[in-house]
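Fold and contact review
In case you want the letters, here they are:
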Amino acid sequence: MAPGRRRHERLRWSKLYTFSCLRPAVVTDDEQPHPLRGPGFSRLVHCNQPGLHQKKPLNYCTNCISTTKYNIITFLPKAIFEQFRRVANLYFLLTASLSLTPVTPFSAMSMIAPLAFVVGLSMAKEAMEDWNRFMQDMKVNNRKVRVHSGEGRFGYKHWQEIRVGDVVRVEKDQFFPADLLLLSSSYEDGICYVETMNLDGETNLKVKRSLEVTLPLDTDAIFGDFTSTIRCEDPNPNLYTFVGNFEYEKKVYALDPGQILLRDSKLRNTTYVYGVAIFTGHDSKVMQNSTESPSKRSRIEKKMDNIIYVLFTFLILISLMSSIGYGVLTKFGMPHWWYLQPSETSDVYDASKPVLSGFYHLVTALILYGYLIPISLYVSIEVVKVLQATFINQDIHMRDEETGNPAEARTSNLNEELGQVDTILSDKTGTLTCNQMDFLRCSIAGVPYGVGSSEVDIAAVKQIASEVSGTIEQHSSTQDFWEDSGDGFGSPESELEVGIARMVEKPQRPTTKGFSFEDDRLIHGNWAKEPNAGTILVFLRVLALCHTAIAEPNEKTGGFTYEAESPDEAAFLVAAREFGFEFCKRTQSSVFIRERYSPSEDPVERS
């Protein structure tokens, strides 16, 4: 068997093991089986030829997305269904229907108008919130990105106009408009840094790397005659897996998640990248993970339904008692009430049919006592929810301090659920904190440095002090004879209070974000006077060298800001800079730092 044949057979068995739930494709003896053909692997992308995907059997979806709950056709039926999921609205609908009968004590309009007002107000609120979702979708769909238009020219297009197979150029700090295959970047080795906060909440940067064969595709003009084919998996919601082949210049190259740039992730620390659209619109992985806007109901609304059940039961009991009494009086008392003219009977007043008369009175009583269930309560709650959502959107204390973006209440149905979380299950502390690291202490050759106190230390001391204080107060009544003894020694409680005051109120020098180190033995170049100065030099140099971060010039400060994969690396680099070892740039083979052993010396750049 030929080596190529063995490779194809091995890939095919790998596919069967990995995707054992899928039925393999059936091929004839004279056909060469492709390892990525068959159910689950039918995606075929013609790079730089988007027009081929508009025809059958491909006919891939557009890049336009929609996250709204309703549209013009479905709004009326779906909104009415949502309103009559409420028990109170069902009851008012029943009473409004009964008000059209002859036995009603009120006019039909007096029952229908309040119901129409409540339902109309709630539907108007739903329509307004869904319109806001529609406007946000339009804002996303109308974002612009540079797309190859032919003959090596790139022009700006809206996101919704991007098609499968389009070659896209994404600039720094832009979002990826679709799931792209990375072809090349501004770096020589084809790497780029991606922020996936919108996908998984991680603030750390991910490194993506293109195939070596596509590294020369790094200018606009070279895409004039670029063509290739991608065979890959069908659209699926798995963010961390990708299986596919890249066929270019009559050779096949395997693809993995390291070459895929997912929609809604952001390009960071890279000037530009080129990519080809594989999945667009609702076929993209982030949209595959999204679900239709659910109809959510808060706990207060569900509790109100239970209250309505109780009130409705109470109403039924009152109406039954009233109708039974009415039937009894109609049968035994009405023949003797000459002023009611018992000879002139009707269905409502007929002594010979007391059961029927009692039933009609039951209907009348249900309408008459219907105000026991307050329809105005729902109106008040709807108005309050709308006002709460407005206040949330305009609250300056709920804005992001760094970006200034305000909070956005996409729906007001769950306002009262805010702040009601009582249990959090998390696999790491970064989920619960701001994920910021501060350089506080270090140990060099067995010698500890750093005398600062972290917030955890301060909180622990305060907790110990409160426990000791409580113990002292419990035993103070049995130790009154010590109060008059002038021994000159302070109590443990006062000593703890003094210690806490020194720890908390200690004047600290202005600190840099990520650097809260305090020890005069190392800062201001004093580390050079230590007995183990050579070891400290190596330690500080390692801090500035061993990382994967990127340095960007900061025009405001004249220094550098660091974009790292984790906050730990960023804190180490900030600490090294404060100690006099500033990382400034890197190339494919070298890392450059500026060393300054004393504040009075000029920095020396070393490679």
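Residues numbered from 1 in each chain as written. Predicted model: local features only at pLDDT ≥ 70, side-chain atom pairs only at ≥ 80, totals over all residues. Heavy atoms only, no water.

Every α-helix carries 3.6 residues per turn, so stepping three or four residues along brings you back to the same face. Compared with an ideal rise of 1.5 Å per residue, which puts 12 residues at 16 Å, helix 3 (residues 87–98) spans 17 Å between its outermost C-alpha atoms and is within 8% of the ideal. Among the residues of helix 3, V87, A88, N89, Y91, F92, T95, A96 and L98 are the ones counted as buried. In this structure, the buried residues of helix 3 make contact with helix 2 (75–83), helix 4 (108–141), helix 7 (299–332), helix 8 (354–368) and helix 9 (375–394). (Helix = DSSP H or I, 4+ residues; strand = E, 2+ residues; numbered from the N terminus. Expected span 1.5 Å × (residues − 1). Buried < 20%, exposed > 50% of the residue type's maximum accessible area, 1.4 Å probe, protein only. Contact = heavy atoms within 4.5 Å.)

Counting 48 residues, the largest nonpolar core has L181, F226, I230, F246 and I278 as its most contacted members. Residue contributions to this core peak at 7 residues, all from strand 13 (residues 272–279). With 30 residues, the next largest nonpolar core counts I444, W527, L543 and C584 among its residues. (Core = buried A, V, L, I, M, F, W, Y, C linked by side-chain atoms within 4.5 Å.)

Bringing the sheet that holds strand 6 (residues 191–195) into the picture now. The antiparallel open sheet is built from 3 strands, whose spatial order is 7-6-12. Pairing within the sheet leaves two strands with one partner each, and these edge strands are strand 7 (205–209) and strand 12 (266–268). The average angle at which neighbouring strand axes cross in this sheet is 45°, direction not considered. Two strands pair when backbone bridges link them, and strand 6 and strand 12 are joined in this way by 3 bridges, in the antiparallel orientation. Considered in strand 12, the bridge of Y193 is made with R268. (Pairing = 2+ DSSP bridges. Axes fitted to C-alpha atoms, helices over the stretch in contact; angles between N-to-C directions.)

Time to look at the environment of L543. The topology assignment puts L543 in helix 12 (residues 533–545). For L543, a relative accessible area of 10% puts it in the buried group. Expressed as a C-alpha distance, the spacing of L543 and E582, which sit 39 residues apart in the sequence, is 9.6 Å.

Turning our eyes to something else, we now look at helix 8. For helix 8, which comprises 15 residues, the first-to-last C-alpha distance of 20 Å matches the rise-based estimate of 21 Å (1.5 Å per residue) to within 8%. By the burial criterion, the buried members of helix 8 are P354, S357, G358, H361, L362, V363, T364, A365, L366 and I367. The inward-facing, buried residues of helix 8 abut helix 3, helix 4 and helix 7.

A few words on the environment of D256. With respect to the helices and strands, D256 occurs in the loop between strand 10 (251–255) and strand 11 (260–261). A C-alpha to C-alpha distance of 7.0 Å links D256 and G244, two positions 12 residues apart in sequence. Side-chain polar atoms of D256 contact the backbone nitrogen of G258, separated by 2.7 Å. (Polar contact = N/O pair within 3.5 Å; in protein donor to acceptor, adjacent residues only side chain to side chain.)

What UniProt calls "transmembrane region" (unreviewed entry) maps, in this numbering, to residues 307–329 and 359–379. When the span residues 307–329 is considered, its composition is 100% helix and 0% strand, and the gap between its end C-alpha atoms is 33 Å. Here residues 359–379 is 71% helix and 0% strand, with 32 Å between the C-alpha atoms at its ends. (UniProt positions renumbered as here; feature names shortened; annotations may be inferred.)

A word on a nonpolar patch on the surface. A cluster of nonpolar residues, F314, I318, L368, Y369 and L372, forms a patch on the protein surface that exposes about 400 Å² of accessible area. Mapped onto the fold, Y369 is located in the loop between helix 8 and helix 9. (Patch = residues over 30% accessible without salt bridge, like charges linked within 9 Å, V, L, I, M, F, W, Y side chains within 5 Å. Areas by Shrake-Rupley, 256 points an atom, 1.4 Å probe, with all protein chains shown as cover. Salt bridge = Lys/Arg side-chain N within 4 Å of Asp/Glu carboxyl O.)

All right, on to the packing of aromatic side chains then. Within the structure shown, the criterion is met by 25 aromatic pairs. With centroids separated by 6.4 Å and ring planes inclined at 75°, the aromatic side chains of F242 and F279 adopt a geometry described as edge-to-face. In this pair, F242 is assigned in the loop between strand 8 (228–232) and strand 9 (244–248) and F279 in strand 13, connecting sequence segments 37 residues apart. Note on accessibility: F242 and F279 belong to one class, buried. (Phe/Tyr/Trp six-rings, centres within 6.5 Å; stacked < 30°, edge-to-face > 60°.)

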